[in-house]
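So you can see what is in the structure, the chains are spelled out below.
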Amino acid sequence: MLVSDLFIYPLKSARGIALPAADIDAYGLPGDRRAMITDAQGHFITQRELPDLARIEVRPEASAFRLLMQGKTDISVPPPQPEARIDVIVWKSAVSAAVADPESNRQLSEWLGREVRLVFFDGQARRTANAEWAGEATPVTFTDGYQILVTTTGSLKALNADLAAHGEGSVGMERFRPNIVIDTDEAWAEDRWAAIEIAGIRFDLVKPCSRCIMTTQDQLTGSREGPNPMPAMGRIRMSADRRVPGPLFGWNVTPRGSGRITIGDTVRIVEERPEGWALKRRAAA
């Protein structure tokens, strides 16, 4: 098995950036989900509520953070000032975040047609993953819950085979917004991996990823009019474990070391979960 793709998403819920290689640290991939959009009260906003976030492209620059959207004037966001802070909410986590300058927030609010704020996970920000799954004091940024999301090509192929069998089209891996994509022949093999190793770094697969309406959205336009993977996941990937309800695709992963990984690196299974993950039985046709 090999690493086939690497991605970061500098602005939570905006477009991703494909990488040929990536450093790994305790937070996952540096630059991933280090910025986020909130409402005026500091509550996080994603494509779930605002599909147009899929249209925002991010270009990190040496002295600025550039945002682009078709038909709009680019926004060049200067580095945030550490003393300009607000408390923000990501799911159940409260985080002290640096807030972008007023002009950038004004322009971004015009783009999106509502009052929003752009915030940054800087050196003063602190947040940890759920200790029940990832262990104590495991740091995360503005991700939904864990450092890294891993998916596999074999599982996408199987999902698309079910979609095709029901005349429902097909979807690309971008719908699932992974950080690391592993090229596999076997579908859903990742359910049995407790830990893998890439370039000498151990990655623990701590929790399967339950999926939501974001997977139904085109990741360039935000449209929900095209092929929809939710019916197929509902047929073949419904969790039977109440701790993680809903349809599953991909695994949340916690790194247990640091280093650098590259597309083409070998992926080695170092610990297995023989029982896999409990799924609901598929109803007979």
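On a predicted model such as this, the values are computed, not experimentally measured, just so you know.

**Describing the UniProt feature "domain: MOSC" (unreviewed entry) in the chain**
Mapped onto the present numbering, the UniProt feature "domain: MOSC" (unreviewed entry) falls at residues 116-270. Helix and strand shares over residues 116-270 are 15% and 29% respectively, and the end C-alpha atoms of the span are 44 Å apart.

**Digging into the pairing of strand β12 (residues 180-183)**
Two strands pair when backbone bridges link them, and strand β1 (residues 2-8) and β12 are joined in this way by four bridges, in the antiparallel orientation. Across the sheet, residue L2 finds its bridge partner in β12, namely D183. Taken together, the three bridges between strand β11 (residues 148-152) and β12 define a ladder with parallel strand orientation. Residue pairing in the sheet places V150 in a bridge with I180 of β12. With respect to chirality, the unit in which β11 leads through helix α3 (residues 153-165) into the neighbouring parallel β12 is right-handed.

**Concerning unusual backbone geometry**
Its identity as a non-glycine residue notwithstanding, R177 has a phi of 50°, on the positive side. For R177, the position within the fold is in the loop between α3 and β12. Accessibility expressed as a relative area gives 7% for R177, which makes it buried. With a phi angle near 50°, A199 is a residue other than glycine that sits in the positive phi range.

**Some details on the packing of aromatic side chains**
Per the stated rule, a full pass over the model turns up eight aromatic pairs. Summarising the aromatic geometry, the rings of F121 and F142 are spaced 5.4 Å apart at their centres and angled 90° between planes, so their arrangement reads as edge-to-face. Residue F121 is found in the loop between β10 (117-120) and α2 (131-134), and its partner F142 is found in the loop between α2 and β11; the two are separated by 21 residues along the sequence. For F121, a relative accessible area of 6% translates into the label buried. Between W133 and W277, the aromatic rings sit 6.4 Å apart at their centres with planes inclined by 45°, giving tilted as the arrangement. Taken as a pair, W133 in helix α2 and W277 in the segment after β17 (267-272) lie far apart in primary sequence, 144 residues in all.

**Brief notes about the sheet that holds strand β6 (residues 65-68)**
Spatially, β5-β6-β7 is the arrangement adopted by the three strands of the open sheet, whose pairing is antiparallel. Where the open sheet ends on each side, the last strands, each with one partner, are β5 (57-60) and β7 (75-77). In this sheet, adjacent strand axes meet at a mean angle of 20° when their direction is disregarded. When β5 meets β6, the two strands line up antiparallel, connected through four bridges. In the strand pairing of β6, V58 is matched with L67. Contacting β6 and β7, helix α1 (residues 102-112) runs over the sheet at an angle of about 145° to β7.

**Section: the sheet that holds β1**
Spatially, eight strands are ordered β2-β1-β12-β11-β15-β14-β13-β17 in an open sheet, and the strand pairing comes out mixed. Where the open sheet ends on each side, the last strands, each with one partner, are β2 (17-19) and β17. If you compare each strand with its neighbour and ignore which way they point, the axes differ by 35° on average. Both β1 and β2 contribute to a ladder of three bridges, which runs antiparallel. Residue pairing in the sheet places I8 in a bridge with I17 of β2. Packing of α3 onto the sheet brings it into contact with β1, β11, β12 and β15 (248-255), and relative to β11 it is tilted by some 60°.

Calculation rules
One numbering rule holds for all chains: residues counted from 1, following each sequence as written. Given that the model is predicted, a residue must reach a pLDDT of at least 70 before its local features are reported, and side-chain atom pairs must reach 80 or more before they are shown or counted; all residues, however, enter totals for whole chains, interfaces and linings. Side-chain measures were taken over the full set of non-hydrogen atoms in the model, leaving aside hydrogen atoms and water. UniProt positions are given in the numbering used here, feature names are shortened, and annotations may be inferred rather than shown by experiment. Strands here are runs of E lasting at least two residues and helices are runs of H or I lasting at least four, both read from the DSSP assignment and numbered beginning at the N terminus. When DSSP finds two or more bridges between two strands, those strands count as paired. By convention a crossover is right-handed if, when the strands point away from the viewer, the path from the first strand over the helix to the second runs clockwise. Per-residue accessibility, obtained with a 1.4 Å probe over protein chains only, is compared with the maximum for each type, and a residue is labelled buried under 20%, exposed over 50%, and partly exposed between these values. Between the rings of Phe, Tyr and Trp (Trp by its six-membered ring), a pair exists once the centres lie within 6.5 Å; its type follows the angle of the planes, with under 30 degrees stacked, over 60 edge-to-face, and the other angles tilted. Axes, fitted as lines to C-alpha atoms, cover a helix only where it is in contact. Angles between the N-to-C directions of the axes lie from 0 to 180 degrees. Whether two residues touch is decided by their heavy atoms; if any such pair falls within 4.5 Å, the residues are in contact.

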